[in-house]
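# An overview of the molecular structure
Here's the letter readout for the chains.
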Amino acid sequence: MRRWALTVICSLAGLVQARAESPWIDEATIAPFVFRSEFPLRDVDGLVQELGELQADLHETLGLDFRDRPVEIHLFSGKWSYQKYVSSRSPGGEKRQALYLPGQDAGRVYAYRHRDLETDVRHEATHALLRNSLPYVPLWLDEGLAEYFEVPRGARLNDNPHRKSLQWAIRFGWKPRLEALEAKREMLDMGGKDYRDAWGWVHFLLHGPPEAREEMAAYFAEIDSGRAPVPLSERLKRRLPDLERRVIQHLK
């Protein structure tokens, strides 16, 4: 009897210790996302529900299919606990407000509570879902899609902050240069205007002429096949000889 009681006490003590060592106080699963949070998830219920629909949005918008692989969303109550946790998993990654790390078993998104938490999580979750669908996505397109999907669904068409920024840039002579974006290979190569321009191209691909959307779909199919794809800039120029004018007119 005493041994049984001692076993129960030890088991309970181990459970309490495990909970004490874990930072998570709330967890939930809305496939493919697994949420773990240092604060109650009810505080960000809108974000949780939005992410639950994000994969379906990407499928409907981009025509992509997805592997059955989870994406873990780790939410921290503050910057200090976020930096402590991330620094041991991705040295240098703690300097960012949010981070996506690919993995063989699951993709993982890390973010801490701040004013732009929801935007950051939608952005990084988009990266994770794209990785669950395609072998790779070129940097500019990966970021352009993440910028497009980082705003709430109702704001994607007309209310992304990049829209007004590009409209002002067009007034001062901005020209679309997709080849320049395609040449960028490292995150450090991407500046703020590059993210804006990548968003502009994605908006054109999704909401511009049908030929642009068709070429994007063919581009994805070629990536998925394992073949080296023809650059999207070449595809678009072949289908739309007046490409520059069409892009500027669309964004205006």
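Structure shown above.
In this report, the structure presented in the accompanying data block is examined. Everything numeric here is computed off the predicted structure, so don't read it as measured data. (Residues numbered from 1 in each chain as written. Predicted model: local features only at pLDDT ≥ 70, side-chain atom pairs only at ≥ 80, totals over all residues. Heavy atoms only, no water.)

## Description of the side chain of Ser81
Position of Ser81 among the secondary structure elements: in helix α3 (residues 79–87). The buried category is assigned to Ser81, whose relative accessible area is 16%. The residues touching Ser81, leaving out its near neighbours within four places in the chain, are Glu38 and Phe76. (Helix = DSSP H or I, 4+ residues; strand = E, 2+ residues; numbered from the N terminus. Buried < 20%, exposed > 50% of the residue type's maximum accessible area, 1.4 Å probe, protein only. Contact = heavy atoms within 4.5 Å.)

## Considerations on the packing of aromatic side chains
The final tally for this structure, using the stated rule, is ten aromatic pairs. These aromatic residues form a ring-pair network of at least three members: Trp24, Phe76, Tyr82, Tyr85, Tyr110 and Tyr112. Across from the ring centre of Tyr85, 3.6 Å away, lies the NZ or CZ of Arg89, which sits over that ring. The ring of Trp168 carries Arg171 above its face, with NZ or CZ at 4.5 Å from the centroid. (Phe/Tyr/Trp six-rings, centres within 6.5 Å; stacked < 30°, edge-to-face > 60°. Lys NZ or Arg CZ within 6 Å of the ring centre and 35° of its normal.)

## With respect to helix α2 (residues 45–62)
When the terminal C-alpha atoms of α2 are compared, their 26 Å separation across 18 residues agrees well with the 26 Å that a helix rising 1.5 Å per residue should span. Maximal helix bending in α2 amounts to about 35°, located at Leu54. Directly after α2, the chain includes Gly63, whose backbone phi takes a positive value near 75°. (Expected span 1.5 Å × (residues − 1). Bend = angle between axes of the 7 residues up to and from the residue.)

## A few points about the pairing of strand β1 (residues 26–30)
Pairing between β1 and strand β2 (residues 33–37): five bridges, direction antiparallel. Within β2, the position partnered with Asp26 by the bridge is Ser37. Taking the residues that link successive antiparallel strands as the turn, the β1-β2 hairpin has two residues. (Pairing = 2+ DSSP bridges.)

## Re the packing of helix α8 (residues 192–207) against helix α11 (residues 243–251)
When two helices pack together, their arrangement is given by the angle between the helix axes and by the axis-to-axis distance. Running from N to C, α8 and α11 point in directions that differ by 95°, and their axes come no closer than 10 Å. Here α11 runs roughly perpendicular to α8, going by the angle between their axes. Contact residues: α8 offers Trp199, Gly200, Trp201, His203, Phe204 and His207, while α11 offers Leu243, Arg246, Val247, His250 and Leu251. For the contact of α8 with α11, the class distribution of residues is six nonpolar, four polar and one charged. (Axes fitted to C-alpha atoms, helices over the stretch in contact; angles between N-to-C directions. Parallel < 35°, antiparallel > 145°, perpendicular 65-115°, else oblique. Nonpolar A, V, L, I, M, F, W, Y, C, P; charged D, E, K, R; others polar.)

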